[in-house]
Amino acid sequence: MKKRFLNIVAGCLLLASCQKLDIPPVDILTDDQIFGSEAGINAYLAQVYRKLPIEDFTYRPDGRNDGAGNIGFNLHHEWEHFYCEAAADGEMVGPYGGVDIAGGFGYWPYRDIRDVNYFIETLPEYAKNFTPDKVTSLLGEAHFLRAYYYFALAKRYGGIPIVKNVQHYPQQTIEELQVPRNTEEQVWNFIGNDLDTAYQMCSETNVAERANKYAAMAFKSRAMVYAGSIARYGSQVFVDGAAHSQGLVGISADKAAGFYQKAIDAAKTLEGKYSLYRAKTDKTDNFVNIFLDAKSPENILIRSFYAGDPERNHSFDATYSPNSDMNYMTAGGLSRTYPTLEFVQHFNSFDFVTNADGTPKRYNSQAEMAQGLEPRLRATVYFPGDVLRGVPFDVQAGIYPSFSGTAADEVAKSPGTRSYILSGDHQTTRNGRLIIGKAGMYPPAFGNDNNTRTGFYVRKYIDYNKGISAVNLFTSTTPWIELRYAEVLLNRAEADIELNQTSDALKCINDIRDRAGAPLATAADMTVATYRNERAKELAFENHYWWDIKRWRIADQLLSNTHFHGLMPYYVESENKYIFLKELELFNRNYAFEKKFYYEQIPGGELATNPNLYPNNPGY
Amino acid sequence: MKLKSFKILSLGVSLLFFASSCVKMDTYAGPDASLSGSVIEDGGKTNVQTCSGNFSIRLEQLSWDSTPSPQDIPVKYDGTYQNLKLFSGHYRVSIHGGAFWPVAPEEMDISSGSSHDFKLTPYLVVSNFKAEMTDSTTLRLTYSLSAPVAGIPKILEIQPYLNTTQIVGPGASIYDFSDLNKVAINKDWADFNAAEKNGEIIVSNLIPGRIFYVRMGVKFDNNDKSSNLSSVIKITVPAKK
């Protein structure tokens, strides 16, 4: 007995004896593994690029939380791409009740910035594992990434704390970690400097999804026109408050010219390196393929999407074309966001749909109306009668048994006194003809926005090569083009015009217009209105316009209890003709942008942990 | 059987309560303080004309934190405000928004039954506001504008507000009668002529047999694009004969 007891004790003691405890953890990657090889570096940077605040197809500016740790950006299993910026800024009308995205969603990516700072600080310790050139270009790339995060912060909040070193807790005190806000001007300069560093250090080329030195300059041209316009126009339109008087938001007007010049200088470095896409002879066809052809010489930085596991695809094709609950143009999904008349009026007044005497012009077919419009517009928007995947955009708002009088008088009538015939489904016919067509419009009070509310559908980025059966949710892998050369030319033209450098602006604008199939401009056209309009046309639905009308400080005028319009196609039975009426979009929603929205408020949770973030932005 | 399951259920519930009951007592006082008052036109005795959502009283509890999160009390359409669930303490009280000449924030102790009236000078005073039906469905509104202090922000627009309740104003009005009759102004007060200072607005195609509450407002290009408002008049549109 005693012996057995002793054996047990001895056994316990033996088993309890310590092996060596100081072993590398097996459940996390160590610096040795990450910085030991190019594969490790690529894996690390893949995570950083994945979290980069690129406003791609899946971006949700209303701040949807996917429950997997992502808010707004890079959401897991996101398909409702019609909740986009363009649906809140007047380019389109969509599921939002108005300007629902102006409050932001408290984007505060300092954890992701820390990952970049950690990379910048740690890579040099492992430099022996790589060639010196590789180390230099990787560090350059990290500076691009850091600038990208700060850009996403600056355009939302103005001045925010610049943190360029890894912070440590508890080694540093809480007071040290409560970094105060920098001024907005300091932040834009910091972004510009990081991008200069990236330009000097990055390699000439890189894979399409990662930045090379020209991506840094392309991005700098964007950042610097933002800063320039905030200095020039933000000093005219602003909300008073402590943050403004301390320079935490707003930049003094005399700094505008310097920023604009930096934008021009940055943009010029891409000359000869990138060019506008001109692979197809037909201009409409060509513009469509800019967004689909992976070999485009215009692409500077893209984000790829993939089929398979892990899931990294999107649903753009299935959420911007009509399904009409009968798999009409897609095999699943639904659409909810549609270009406005105000948007297409950037190209053309569309007054031609009305005769000189005020009566609506009669057309033989739906498709006849859009003949002769600018190819770029035809490539950006699907008009009634256009064909996709073998079926037409058969869009009708209704049928008039007969129509007399002027368009204006008809539209002014109250709905109950109009003689049109409407339908809430795609089956009801009148004399053998569908009342609203297979892709047409539900009556205003019907409350269904799964088909167009304006007469238009989006064409940009739609992959026309796919058959109907291949278009469903989570089947699209079209890459998102984050930086393309046309934007760089527009950044340059904008800065040129702001600095009265007319001839250089004309060169850029006409390069774009020639490719677009638009009439060429003259030197006299080089006005502020021209560069703004050109940008709205060329970069439509690419998540630029929202930020553009904010930084130009015109959003509060454009979205001042504004109601948007459509161009509604009707069939006139007695004449066997089509007419088009400019009417309020079917939901008649109100879009109101308050001046305080030019800056989002600093997130409340961050204010609570860091009192040095006060004062909050004006008006909040 | 029923009794047994009830017993098990009640035991379960009480166990749940027991397990979740908090040991540490909350000894903080409840929100027993209050603040109420009126917003009065400076030099006058009448409350300022406002509407829900137009402007608010901002409280910052300095005795809690040097950088407190603000809490706002909306000023009601009759120019009064109150909050009966405040914590006692020392507060900074200020006006947040509105078309008024700014007043400096005040610091005060708030306890049970505290009250404070604000004296504000509107950018424009809307007076002599009259509403008359000129025919069975057409309403004619007349008003006079005067600026107590020169140098006010640019005037953006003048518009009537119609609603079916007396809570009427920007954000609480019927679009077709209100926003569609908006008159764009976009100029400074100094450029107003006598006719514009004593203007009229016509609202047509009103619905017969309805009661509307109507007022008019002048919107400024100030921080929050807020408005000075007239008093509210109730009008009855005659029923169709």
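Throughout this description, residue numbers start from 1 for each chain and increase along the sequence as written. Whichever chain is written first becomes A and whichever ligand is written first becomes 1, with later ones labelled in order. Residues qualify for local features only when their pLDDT is at least 70, as the model is predicted, and side-chain atom pairs are given and counted only at 80 or more; totals for whole chains, interfaces and linings, by contrast, use all residues.

## Quick look at the overall build of chain B
- Check the secondary structure of chain B and you find two helices and 16 strands.
- The globule rule used here is 2.2 Å times the number of residues to the 0.38 power, and the radius of gyration it is set against is calculated over C-alpha atoms. The C-alpha atoms of chain B give a radius of gyration of 25 Å, which is well past the 18 Å a tight globule of 241 residues would have.
- Overall, the C-alpha framework of chain B stretches about 80 × 50 × 30 Å when taken along its three principal axes.
- In this scheme every C-beta is placed from the backbone, and a residue whose C-beta has 20 or more other C-beta atoms within 10 Å is buried, one with 12 or fewer is exposed, and one in between is partly exposed. Looking at chain B as a whole, 28% of its 241 residues are labelled buried.
- Of the contacts formed within chain B by residues at least 6 apart in sequence, a portion of 67% connects residues at least 24 apart. Each helix is a run of H or I in the DSSP string that is no shorter than four residues. Each strand is a run of E no shorter than two, and both are numbered from the N terminus. Any residue pair is listed as a contact if its two C-beta atoms, each placed from the backbone, are within 7 Å.

## Side note on the UniProt feature "domain: DUF3823" (unreviewed entry) in chain B
- UniProt positions are given in the numbering used here, feature names are shortened, and annotations may be inferred rather than shown by experiment. Following the UniProt record, one finds the feature "domain: DUF3823" (unreviewed entry) at residues 34-119 of chain B.
- Counting secondary structure, residues 34-119 of chain B comes out at 0% helix and 49% strand; the distance between its end C-alpha atoms is 20 Å.

## Thoughts on the sheet that holds strand E10 (residues 138-146) of chain B
Residues and elements named next belong to chain B.
- Strand order in this open sheet of three strands is E9-E10-E13, and the pairing throughout is antiparallel. The open sheet has two edge strands, strand E9 (125-135) and strand E13 (200-203), and neither has a second partner. Within this sheet the neighbouring strands show an average axis-to-axis angle of 20°, counted without direction.
- Think of it this way: DSSP has to see at least two bridges between two strands before they count as a pair. In terms of strand pairing, E10 meets E13 through four bridges, oriented antiparallel. Looking at the pairing, Thr142 lines up with Glu200 of E13. Interaxial angle, 0 to 180 degrees, is taken between N-to-C directions of lines fitted to C-alpha atoms, where a helix line uses only the stretch in contact.

## Some thoughts on the UniProt feature "domain: SusD-like N-terminal" (unreviewed entry) in chain A
- UniProt records the feature "domain: SusD-like N-terminal" (unreviewed entry) for residues 109-222 of chain A in the present numbering.
- In this annotation, residues 109-222 of chain A is assigned 62% helix and 0% strand; the end-to-end C-alpha distance for the span is 20 Å.

## Concerning the UniProt feature "domain: RagB/SusD" (unreviewed entry) in chain A
- When the UniProt feature table is mapped onto this chain numbering, "domain: RagB/SusD" (unreviewed entry) sits at residues 300-620 of chain A.
- In the segment residues 300-620 of chain A, helix accounts for 24% and strand for 13%; the C-alpha atoms at its two ends are 38 Å apart.

## What about the environment of Leu567 of chain A?
Residue and element names in this part refer to chain A.
- By the element assignment, Leu567 lies in strand E12 (residues 565-572).
- We classify Leu567 as buried; it has 24 C-beta atoms within 10 Å.
- Along the backbone, Leu567 and Phe580 are 13 residues apart, and their C-alpha atoms lie at a distance of 6.0 Å.

## Observations concerning the nonpolar core
- As used here, a nonpolar core is made of buried Ala, Val, Leu, Ile, Met, Phe, Trp, Tyr and Cys residues. They are joined through C-beta atoms within 7 Å. One finds Phe144, Ala215, Ala216 and Phe219 of chain A to be the most contacted residues of the largest nonpolar core, which totals 161 residues.
- At 14 residues, the largest contribution of residues to this core is made by helix H8 (residues 213-233) of chain A.
- Counting 46 residues, the second-largest nonpolar core is a separate cluster that includes Leu86, Phe118, Leu139 and Val214 of chain B.

## Some remarks on unusual backbone geometry
Residues and elements named next belong to chain A.
- Cis geometry marks the peptide bond from Tyr169 to Pro170, where omega comes out at 10°.
- Within the secondary structure, Pro170 sits in the loop between helix H5 (132-157) and helix H6 (174-177).
- The peptide bond linking Tyr614 to Pro615 adopts the cis configuration, its omega dihedral lying at 0°.
- Mapped onto the secondary structure, Pro615 falls in the segment after helix H21 (604-609).
- Look at Asn576: it is not a glycine, yet its phi comes out positive at around 55°.
- Summarising the element assignment, Asn576 is placed in the loop between E12 and strand E13 (577-584).

## A word on the interface of chain B and chain A
- Contact residues are listed per partner, giving seven residues for chain B and 11 residues for chain A.
- Residues are sorted three ways: Asp, Glu, Lys and Arg are charged, Ala, Val, Leu, Ile, Met, Phe, Trp, Tyr, Cys and Pro are nonpolar, and all the rest, Gly among them, are polar. Within the side of chain B that touches chain A, the residues separate by chemical class into no nonpolar, four polar and three charged.

## Re the packing of helix H16 (residues 485-498) of chain A against helix H18 (residues 528-538) of chain A
Residues and elements named next belong to chain A.
- Following both chains from N to C, one finds H16 and H18 inclined at 170°, their axes separated by 9 Å at the closest point. In this view, H16 runs roughly antiparallel relative to H18, as classed from their interaxial angle. As for how H16 packs across H18, the hand of that crossing is left-handed. Taking contact as the criterion, the partners of Ala486, Leu490, Ala493, Glu494 and Ile497 in H16 are, on H18, Val528, Tyr531, Glu534, Arg535 and Glu538.
- Along the lines of polarity and charge, the residues of the contact of H16 with H18 split into six nonpolar, no polar and four charged. Relative orientations are named as follows: roughly parallel for angles under 35 degrees, roughly antiparallel for angles over 145 degrees, roughly perpendicular for angles from 65 to 115 degrees, and oblique for any other angle. Crossing handedness is read from the near helix: turned anticlockwise from the far helix by less than a right angle, it gives a left-handed crossing, and turned clockwise, a right-handed one.

## Side note on the domain arrangement of chain B
Residue and element names in this part refer to chain B.
- Each domain span listed reflects an automatic or database assignment of domains. For chain B, the domain assignment lists domain 1 (33-120) and domain 2 (125-236).
- Each of domain 1 and domain 2 has a C-alpha centre, and the two are 26 Å apart.
- Of the residues lining the interface, 12 residues belong to domain 1; the matching set on domain 2 comes to 16 residues.
- Across the side of domain 1 that touches domain 2, the residue classes break down as five nonpolar, seven polar and no charged.

## A closer look at H8 of chain A
- An expected span of 1.5 Å times one less than the residue number is assigned to each helix. Spanning 21 residues, H8 of chain A covers 30 Å between terminal C-alpha atoms, matching the ideal 30 Å at 1.5 Å per step.
- In terms of burial, H8 of chain A is a largely internal element, 21 of the 21 residues being buried.

## Describing the sheet that holds E12 of chain A
Residues and elements named next belong to chain A.
- The strand order across the open sheet built from three strands is E7-E12-E13, with neighbouring strands paired in mixed fashion. In the strand order of this sheet, the two ends are held by strand E7 (398-400) and E13, each with one partner. The average undirected angle you get between the axes of adjacent strands in this sheet is 40°.
- Here three bridges tie E7 to E12, and the two strands are oriented parallel to one another. Residue pairing in the sheet places Ile399 in a bridge with Tyr571 of E12.

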